[in-house]
Amino acid sequence: MLRTTTDDRVVLCCPDKFRGSLTADEAARALGAGVGRTGRTARRLPLADGGEGTLAVLCPRADELRTARVTGPLGDPVDAHWGMRDRTAVVEMAQASGFVLVEGPNDPVRATTRGTGELIRIALETEPERVIVAVGGSATVDGGLGALEALDFDLRGVDVVIACDVDTRFSDAARVFGPQKGADAEAVAELERRLERLAARYRLERGVDVAALPGSGSAGGLAGGLAAIGARLVPGASLVADVVGLRAELASASLVLTGEGRFDATSLAGKVVGHVLREADGLGVPAAVIAGDADPALAAGYRVVTLASLAGSTEAAFRDAARLAADAAALVAGGP
């Protein structure tokens, strides 16, 4: 039988997406519904780390979204969303240059970030105070050259911030991401040579050694390319958390629930869950992770409930993720 509590402080529900089953907003709603069963008050704060879904987290309202027709990853036109949050423009490269936009096999040697550059240029024309570029989910390994050409190598003096979800360096992008985007060994070697040439070009023409920048390999080097013309690279999870006010929300919470599709070592290396756990620990707020599945060795050190354990299998968890996430939240929030 479900226990209820008289604790009147909020339970903060701040998950990332559960890839393939729940968006961050859907996950937060499910966790909040489970908390509500216990008599406690839930507050929802969906999060992202610079990957797909960042635009939806930072610009959740329809009136914050804009649409533009731009060049897709393989050259065909696509209708891409971008957003305005107060005086900050938000561009998610997956909307213009994302792997999900490719119909059929991807061609990572030909794939271009030009459409992302076109979106940034359109955003710059509104004269924002800042542009946030989320760089996860790309189909590209072009070192950002397509985007820079669309921008005429000019950010117009605007503060452009790249929300990176990995620390991969520029020269490693082909080896790390190429195979994920359809590159065989020969293509990876070609892409490595391309990135080496571009790193030399950016160093010579712009005086920026992108090869030495952590995160510069994000999105197949788009992050490094934009850094070469003045953009700043920052960890995406902390950037998004700062924009939506995570720390202030944590300060008034009695418990925080975060989560994602799989809790493993990468979760603690620049991802949403790791960031939330560190922030909660710093403020002395109890925290729990609700995940689709988890690495048992890592989960042993944290309070973790997995949907797979509740459902009996990972496959079953995928099929009924929202209900199971609510069940897991009720279990944690109603517990001792």
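See the structure shown above.
All values reported here derive from a predicted model rather than from experimental measurement.

Draft legend 1. Seen up close, the environment of threonine 314. Considering the arrangement of structural elements, one finds threonine 314 in helix H14 (residues 314-319). The residues touching threonine 314, leaving out its near neighbours within four places in the chain, are Asp293 and Ala308. Here the side chain of threonine 314 touches aspartate 293 through a polar contact of 3.3 Å, side chain to side chain.

Draft legend 2. Spotlight on unusual backbone geometry. Within the chain, glutamate 127 stands out as a residue other than glycine whose phi angle is a positive 60°. On the secondary structure map, glutamate 127 appears in the loop between helix H4 (114-124) and strand E6 (130-134). Positioned with a positive phi, aspartate 152 is a non-glycine residue whose angle comes to about 55°. Turning to its location among the elements, aspartate 152 is positioned in the loop between helix H5 (145-150) and strand E7 (159-164).

Draft legend 3. Looking closely at the layout of surface pockets. Taken as a whole, the largest pocket spans an internal volume of roughly 690 Å³. What lines the largest pocket is a set of 30 residues, and nearest its centre among them are Arg19, Glu52, Gly137, Asp165 and Lys271. Among the secondary structure elements, those contributing two or more residues to the lining of the largest pocket are helix H6 (173-177), helix H8 (218-228) and strand E9 (253-263). Along the lines of polarity and charge, the residues of the lining of the largest pocket split into 8 nonpolar, 11 polar and 11 charged. Considering only enclosed or pocket space, the second largest pocket measures out at about 520 Å³ in volume. Around the second largest pocket sit 23 residues that line it, and Asp25, Gly53, Leu55, Ala56 and Val57 are the ones nearest its centre. Those elements that place two or more of their residues in the lining of the second largest pocket are helix H1 (24-37) and helix H2 (54-58). With 3 residues, H2 is the largest single contributor of residues to the lining of the second largest pocket. A per-class count over the lining of the second largest pocket returns 12 nonpolar, 4 polar and 7 charged.

Draft legend 4. Molecular detail of the pairing of strand E3 (residues 65-71). With 7 bridges joining them, E3 and strand E4 (residues 77-85) adopt antiparallel strand pairing. When the bridges of E4 are listed, leucine 65 appears paired with glycine 83.

Draft legend 5. Spotlight on H1. A rise of 1.5 Å per residue sets the reference length of H1, with its 14 residues, at 20 Å; its end C-alpha atoms lie 20 Å apart and thus fit the reference within 8%. Among the residues of H1, Ala24, Ala27, Ala28, Ala30, Leu31, Gly32, Gly34 and Val35 are the ones counted as buried. Check the buried side of H1 and you find it contacts strand E1 (10-13), strand E2 (42-44), H2, E9, strand E10 (287-294) and helix H15 (321-333). Just beyond H1, the residue with positive phi is glycine 39, at close to 90°.

Draft legend 6. Quick look at the packing of aromatic side chains. Tallied over the entire structure, the rule returns 2 aromatic pairs. Seen in terms of ring centroids, phenylalanine 170 and tyrosine 202 are 6.1 Å apart; in terms of plane orientation they differ by 65°. Their pairing is edge-to-face. Note that phenylalanine 170 is positioned in the loop between E7 and H6 and tyrosine 202 in helix H7 (residues 185-206), a separation of 32 residues in sequence. Geometrically, the ring pair formed by phenylalanine 263 and tyrosine 302 is edge-to-face, given 5.6 Å between the ring centres and 90° between the ring planes. Separated by 39 residues along the polypeptide, phenylalanine 263 in strand E9 and tyrosine 302 in the loop between helix H12 (296-299) and strand E11 (304-306) bring together distant segments of the chain. Looking at tyrosine 302, the relative accessible area reads 35%, which means it is partly exposed.

Draft legend 7. Structural view of the environment of serine 313. Note that serine 313 resides in the loop between helix H13 (307-311) and H14. Considering only alpha carbons, one finds serine 313 and aspartate 293, 20 residues apart in sequence, at a separation of 9.2 Å.

Draft legend 8. Spotlight on the nonpolar core. The biggest cluster of nonpolar side chains holds 48 residues, and the ones touching the most others in it are Val133, Ile162 and Leu226. A per-element tally of this core places H7 first, with 7 residues. Ignoring any residue separated from it by four or fewer positions in sequence, one finds leucine 226 in contact with Ile120, Val133, Leu148, Leu151, Leu155, Ile162 and Ala231. Core analysis: the next-biggest nonpolar cluster, separate from the first, contains 28 residues, Ala48, Ala163, Val256 and Val276 among them.

Draft legend 9. Seen up close, the pattern of salt bridges. In total, this model carries 21 salt bridges according to the counting rule given. Residue arginine 19 pairs with glutamate 52 through a salt bridge whose shortest N-O separation is 3.3 Å. Highlighted residues: arginine 19 in the loop between E1 and H1 and glutamate 52 in the loop between E2 and H2, separated in sequence by 33 residues. In this structure, aspartate 165 and lysine 271 form a salt bridge, with 3.9 Å as the shortest nitrogen-oxygen distance. Of the two residues, aspartate 165 is situated in the loop between E7 and H6 and lysine 271 in the loop between E9 and helix H11 (272-283); the sequence distance between them amounts to 106 residues. Judged by its relative accessible area of 15%, aspartate 165 is buried.

Draft legend 10. The sheet that holds strand E5 (residues 88-92), seen in detail. Taken in spatial order, the 6 strands of this open sheet run E3-E4-E5-E6-E7-E8, and their pairing is mixed. Each having just a single partner strand, E3 and strand E8 (232-235) make up the two edges of the open sheet. Neighbour-to-neighbour, the strand axes of this sheet turn through a mean angle of 30°, independent of strand direction. In this sheet, E8 lies alongside E7 in parallel orientation, the contact comprising 4 bridges. Looking at E8, one finds that cysteine 164 is bridged to proline 235. Strands E6, E7 and E8 of the sheet are contacted by H8, whose axis makes an angle of about 155° with E7. This element, helix H9 (residues 236-244), spans E4, E6, E7 and E8 of the sheet and lies at about 85° to E8.

Cut-offs and rules
Residues numbered from 1 in each chain as written. Predicted model: local features only at pLDDT ≥ 70, side-chain atom pairs only at ≥ 80, totals over all residues. Heavy atoms only, no water. Helix = DSSP H or I, 4+ residues; strand = E, 2+ residues; numbered from the N terminus. Contact = heavy atoms within 4.5 Å. Polar contact = N/O pair within 3.5 Å; in protein donor to acceptor, adjacent residues only side chain to side chain. 1 Å grid on protein atoms, 1.4 Å probe; cavity = no way out; pocket = protein on both sides within 12 Å on 5 of 7 lines; lining within 4 Å. Points joined across faces, edges and corners; volume = space filled by probe spheres on them. Nonpolar A, V, L, I, M, F, W, Y, C, P; charged D, E, K, R; others polar. Pairing = 2+ DSSP bridges. Expected span 1.5 Å × (residues − 1). Buried < 20%, exposed > 50% of the residue type's maximum accessible area, 1.4 Å probe, protein only. Phe/Tyr/Trp six-rings, centres within 6.5 Å; stacked < 30°, edge-to-face > 60°. Core = buried A, V, L, I, M, F, W, Y, C linked by side-chain atoms within 4.5 Å. Salt bridge = Lys/Arg side-chain N within 4 Å of Asp/Glu carboxyl O. Axes fitted to C-alpha atoms, helices over the stretch in contact; angles between N-to-C directions.

Function cannot be inferred from these measures alone, as they are strictly geometric.
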